[in-house]
Amino acid sequence: MNDQAHLKGRLRLSLPQTFEPWWDLLAAFQRRYPDIEIYLYTTERRVDLVEDGIDVALRVGAIVHEAMVARHLLSSRNILVASPQLVKRLGAPRHPDALHDLPCATWASRIDERARWKLGGHVVEPRAVLATNDYEHLCRRALRGDVVTELPPFLAAAPIREKRLVRLLPQYPLPEWSLNLLYPPHRHQSTIVRTYLDFCQSFLRKIVQACTV
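Residues numbered from 1 in each chain as written. Predicted model: local features only at pLDDT ≥ 70, side-chain atom pairs only at ≥ 80, totals over all residues. Heavy atoms only, no water.

A look at the sheet that holds strand 2 (residues 36-42)
For the record, the criterion: Whether two strands pair comes down to DSSP finding at least two bridges between them. Helix and strand definitions here come from DSSP, where helices need a minimum of 4 consecutive H or I residues and strands a minimum of 2 consecutive E residues; each element is numbered from the N-terminal end. Each axis is a line fitted through C-alpha atoms, and for a helix only the stretch in contact is used; angles between axes span 0 to 180 degrees, taken between their N-to-C directions. In what follows, residue pairs with any heavy atoms lying within 4.5 Å of each other are defined as contacts.
Taken together, five strands build an open sheet; the order of strands is 2-1-3-12-4 and the sheet is mixed. Since the sheet does not close on itself, it has two edges, and those belong to strand 2 and strand 4 (69-77), each with one partner. Pairwise comparison of adjacent strand axes, ignoring direction, gives a mean angle of 20 degrees for this sheet. Sheet strands in contact with helix 1 (residues 21-32) are strand 1 (9-15), strand 2, strand 3 (56-60), strand 4 and strand 12 (176-183), and its direction is about 165 degrees off that of strand 2.

Encoded structure:
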């Protein structure tokens, strides 16, 4: 066992809520480095890494904090889905405008935020019967046959493969988003932080496989 396996200390992390693949990554990381204590804060809020004492944040979307260092991991797109039962009952939309006639559920970071779906070159304000910042709940409602919704690939891929969900309007893709690890430049020299960054990069193949439709 090499010296890095004996690393000891504390690692303070921030993750988006319901980012399920990262739980497996963290478990594997602690199996390899059992003396590293992880303190984890899950939130959709864009935390201030310095003020909140975060070593590394997993960030979805554009990086706007120029004082931070970002390591790009992957780029992906959310997927528009519904259950086969809903499609059988109400029909599959052939154009984004047809979504106005279907019950939709949307992700929203604010309670009063109206969602807009950018589907290819079309912008649609869906008829949202539900808006929430919980992708797990959106997935459950889609699986129940209640709504059309958008899901990140790591939630949508398995139900699509198992035919519990169907992909809608694939010819009108949702925008691409990026996944990055963000950390303050002065923490780059930390052996624990550097080990975590490298581990995440090497574990990425399993995450990509989990996201493959």
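Let's pick the thread back up.
Overview of the nonpolar core
Within soluble globular proteins, side chains that are nonpolar generally end up buried alongside one another. Operational definition: Only buried residues count toward a nonpolar core, which is a set of Ala, Val, Leu, Ile, Met, Phe, Trp, Tyr and Cys residues joined through side-chain atoms within 4.5 Å. Burial status follows relative accessibility: with a 1.4 Å probe on protein chains alone, a residue under 20% of its type maximum counts as buried, one over 50% as exposed, and anything between as partly exposed.
The biggest cluster of nonpolar side chains holds 43 residues, and the ones touching the most others in it are Trp22, Leu181 and Tyr196. Considering every element that reaches this core, the biggest residue donor is helix 5 (residues 191-211), with eight residues. In terms of nonpolar packing, the next biggest core, distinct from the first, is built from 14 residues, Ala82, Leu102, Cys104 and Trp117 among them.

Considerations on the packing of aromatic side chains
In plain terms, the rule: Under the pairing criterion, centres of Phe, Tyr and Trp rings, with the six-membered ring standing for Trp, must be within 6.5 Å; the plane angle then separates stacked pairs below 30 degrees from edge-to-face pairs above 60, leaving the rest tilted.
Tallied over the full model, the rule gives seven aromatic pairs. Between Phe199 and Phe203 the ring centres are 5.8 Å apart and the planes differ by 20 degrees, which places this aromatic pair in the stacked class. With Phe199 and Phe203 both in helix 5 and four residues apart, the pair spans about one turn of that helix. Look at Phe199 and you get buried, because its relative accessible area is 6%. Taken together, the aromatic side chains of Phe29, Tyr33, Tyr196, Phe199 and Phe203 make up a single cluster linked through ring pairs.

Quick notes on the sheet that holds strand 6 (residues 104-107)
The sheet built from five strands is open, its strands ordered 9-6-10-5-11 with mixed pairing. Two strands bound the open sheet, and with one partner strand each, they are strand 9 (128-132) and strand 11 (166-167). When strand 6 meets strand 10 (residues 148-151), the two strands line up parallel, connected through two bridges. Counted as the bridge partner of Ala105 is Thr149 from strand 10. Along the sheet, helix 3 (residues 135-143) contacts strand 6, strand 9 and strand 10; its crossing angle with strand 10, the most-contacted strand, is approximately 140 degrees. The strands that helix 4 (residues 153-161) touches are strand 5 (79-82), strand 10 and strand 11; relative to strand 5, the one it contacts most, it runs at about 45 degrees.

Describing the pairing of strand 5
Here strand 5 shows no split at all, with Ile79 and Val81 on one side and Leu80 and Ala82 on the other all buried. Relative to strand 10, strand 5 runs antiparallel, the two sharing three bridges. The residue bridging Val81 from the neighbouring strand is Thr149, located in strand 10. Across two bridges, strand 5 lies against strand 11 in antiparallel orientation. Counted as the bridge partner of Ala82 is Val166 from strand 11.

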